[in-house]
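Summary of structural features
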Amino acid sequence: MAENGFRCIAFAHRKTSIRDYFTFSRQQLILLGLVGLTNSRRSGTRGTVEDCRRAGINVKLITGDNKPGEVINGEEFRKFSSEERMAKIENICVLARATPDDKLLMVQSLKQKGHVVAFIGRGIGDAQALREANVGLCFGTQGAEIVKACSAIVMSCKDFPFIIDILTWGRGIYDSVQIYTQFLLIASFVALVIDFVMAVSSSEPPGLSAVVAVSTGKIPFPVFQPLWMKLIAGTLAVLALNIEKPSQDVMRRPPRNLKEPLITAQMRKKIGAQALYQIAIFLVIHFKGKSLFNVNDQEKDSLVLSTYILCQAFNIFNPRLLEKNIFEEMQKKKLLLSVIGLIISIQFIMVELLNGFSGTARLGFGQWGLCIAFSAAPSMVTWFVRCIPPLGNFKFPMLKPKID
């Protein structure tokens, strides 16, 4: 039975007295029979394993049962030398008749090999392996309390396909953090440069006194502008970038390197290109806007503010341009499109209808067209930067000297 994958239970009996009940011995028992128990195959397990392998995750089964086929026995695994174990650890798919020490040894060997190990445990014997693994998981409805205490993630659902949801959300949240970090660095750096240039080049220093604003009944423009900028970077962008459900494309790529920094080389190229482009546009509008676009000082400041706001709105949308099925994904991300539309609508209302409150000037259709053109161009910059190969992969041709 054990060779066929059954759990064996023996039933036996013996006559005894109540006085000898607590000193009951297993000797001289009369065997009644053997019962073989088998665990039913859970639905969706095969598909979950295939999805994990497609995502670059190697699944290994470690069990205390006997499994038929070509597997490694726990006793055989313990007898391996360190060199043999490290050479065979990659190809081991099933570790049968494993003790808690075997499970711990498996996790330690995989970590020494450079893998990020996630271990799913259920019994008390899995506590050491759960602590040793990079990520410990257990089913909350089945695991013991000590297992839950040793686990980093306690799953409320006992179905194995729930692992795919955890992996999808984990990768999606990390991508959202990277996208928001990239957006925040670009928006903050560009805003800092704009404020510095406008403060230095202004003939009169801006009045930031709140007492003046209260006494005159007017809101100073230099105060309202940073508040509107911070609202976009701190609130609306978070809603747009971090709440939507991640796409299924995250499960079609291999896992990232554990030593990879949060801001990758590709992100640094995008941040530098986007920041340089936006700063160049704002400097041209600020210093040459009067002659190029035939506007006065107040209209020039409105052009700078509107272009900056629209640039950040398009900057929220730019990371989604790199997705393969962009139109299909955009239909699912209704909140993202709603937030971008809200930012553009508020900016239009503030400039055209609430210009007396915000201190801006109304813009014509041609000027709004310039703002939209300047703001949409960074999408092409993002696509162009993505096509540039990493500098680490570029090799200069070596000229070999001729030998006569």
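The rules behind these values
- Residues numbered from 1 in each chain as written.
- Predicted model: local features only at pLDDT ≥ 70, side-chain atom pairs only at ≥ 80, totals over all residues.
- Heavy atoms only, no water.
- Salt bridge = Lys/Arg side-chain N within 4 Å of Asp/Glu carboxyl O.
- Helix = DSSP H or I, 4+ residues; strand = E, 2+ residues; numbered from the N terminus.
- Buried < 20%, exposed > 50% of the residue type's maximum accessible area, 1.4 Å probe, protein only.
- Axes fitted to C-alpha atoms, helices over the stretch in contact; angles between N-to-C directions.
- Parallel < 35°, antiparallel > 145°, perpendicular 65-115°, else oblique.
- Contact = heavy atoms within 4.5 Å.
- Nonpolar A, V, L, I, M, F, W, Y, C, P; charged D, E, K, R; others polar.
- Pairing = 2+ DSSP bridges.
- Polar contact = N/O pair within 3.5 Å; in protein donor to acceptor, adjacent residues only side chain to side chain.
- Phe/Tyr/Trp six-rings, centres within 6.5 Å; stacked < 30°, edge-to-face > 60°.
- Lys NZ or Arg CZ within 6 Å of the ring centre and 35° of its normal.
- 1 Å grid on protein atoms, 1.4 Å probe; cavity = no way out; pocket = protein on both sides within 12 Å on 5 of 7 lines; lining within 4 Å.
- Points joined across faces, edges and corners; volume = space filled by probe spheres on them.
- Disulfide = S-S within 2.5 Å.
- Expected span 1.5 Å × (residues − 1).

On to the pattern of salt bridges. Under the definition given, this model contains 7 salt bridges. Aspartate 51 is the partner of arginine 54 in a salt bridge, and the nearest nitrogen-oxygen pair spans 2.7 Å. Linking arginine 54 with aspartate 51, this pair stays in helix H1 (residues 45-54), spanning 3 residues, or about one helical turn. Relative accessible area serves as the criterion here: at 28%, aspartate 51 is assigned to the partly exposed category. A salt bridge links lysine 111 to glutamate 132, with the shortest nitrogen-to-oxygen separation between them at 3.7 Å. Separated by 21 residues along the polypeptide, lysine 111 in helix H4 (residues 100-112) and glutamate 132 in helix H5 (residues 127-132) bring together distant segments of the chain.

Here we come to the packing of helix H11 (residues 297-317) against helix H13 (residues 334-352). Where H11 meets H13, the closest approach of the two axes is 10 Å, and the angle between their N-to-C directions is 175 degrees. By the angle class used here, H11 and H13 are roughly antiparallel. Across from Leu305, Ser306, Ile309, Leu310, Ala313, Ile316 and Phe317 in H11, the residues of H13 making contact are Leu336, Ile340, Ile343, Ile344, Gln347, Met350 and Val351. Residues of the contact of H11 with H13, tallied by class, amount to 12 nonpolar, 2 polar and no charged.

Here the focus is the sheet that holds strand S8 (residues 153-155). Spatially, the 3 strands line up as an open sheet ordered S6-S7-S8, and their pairing is parallel. Strands with a single pairing partner mark the edges of an open sheet, and in this sheet they are strand S6 (118-121) and S8. Neighbouring strand axes in the sheet, compared pairwise and without regard to direction, differ in orientation by 25 degrees on average.

A separate point is the side chain of serine 306. Tracing the chain through its elements places serine 306 in helix H11. At 3.1 Å, the side chain of serine 306 forms a polar contact with the side chain of glutamine 347. Not counting residues within four places of it along the chain, the set of residues in contact with serine 306 comprises Gln347, Val351, Leu363, Trp368 and Cys371.

Within the structure shown, the criterion is met by 5 aromatic pairs. Where phenylalanine 293 meets phenylalanine 374, the ring centres are 6.3 Å apart and the plane angle is 65 degrees; that geometry is what we call edge-to-face. In this pair, phenylalanine 293 is assigned in helix H10 (residues 265-293) and phenylalanine 374 in helix H15 (residues 365-387), connecting sequence segments 81 residues apart. Sitting over the face of the ring of phenylalanine 77, arginine 85 holds its NZ or CZ atom 5.6 Å from the ring centroid. Taking the ring centre of tyrosine 174 as reference, the NZ or CZ of arginine 256 above it sits at 4.2 Å.

Applying the stated criterion across every chain, the model contains 1 cavity of 30 Å³ or more. Considered as a void within the structure, the largest cavity measures approximately 70 Å³ in volume. Lining the largest cavity, in full, are Val190, Val193, Ile194, Val197, Met198, Ile279, Phe282, Leu283, His286 and Val304. Elements with a minimum of two residues in the lining of the largest cavity: helix H7 (162-201) and H10. Per-element accounting of the lining of the largest cavity gives the leading share, 5 residues, to H7.

Turning to the state of the cysteines, a few remarks are in order. A full pass over the atoms with the stated rule returns 0 disulfides. In this structure cysteine 311 is a free cysteine whose sulfur lies 9.0 Å from that of cysteine 371, the closest cysteine sulfur available. Residue cysteine 311 is classed as buried on the basis of its relative accessible area, which comes to 3%.

Turning our eyes to something else, we now look at H13. Across its 19 residues, H13 extends 27 Å between first and last C-alpha, which sits within 8% of the 27 Å expected from 1.5 Å per residue. Of all the positions in H13, only Leu336, Val339, Ile340, Ile343, Gln347, Met350, Val351 and Glu352 are classed as buried.

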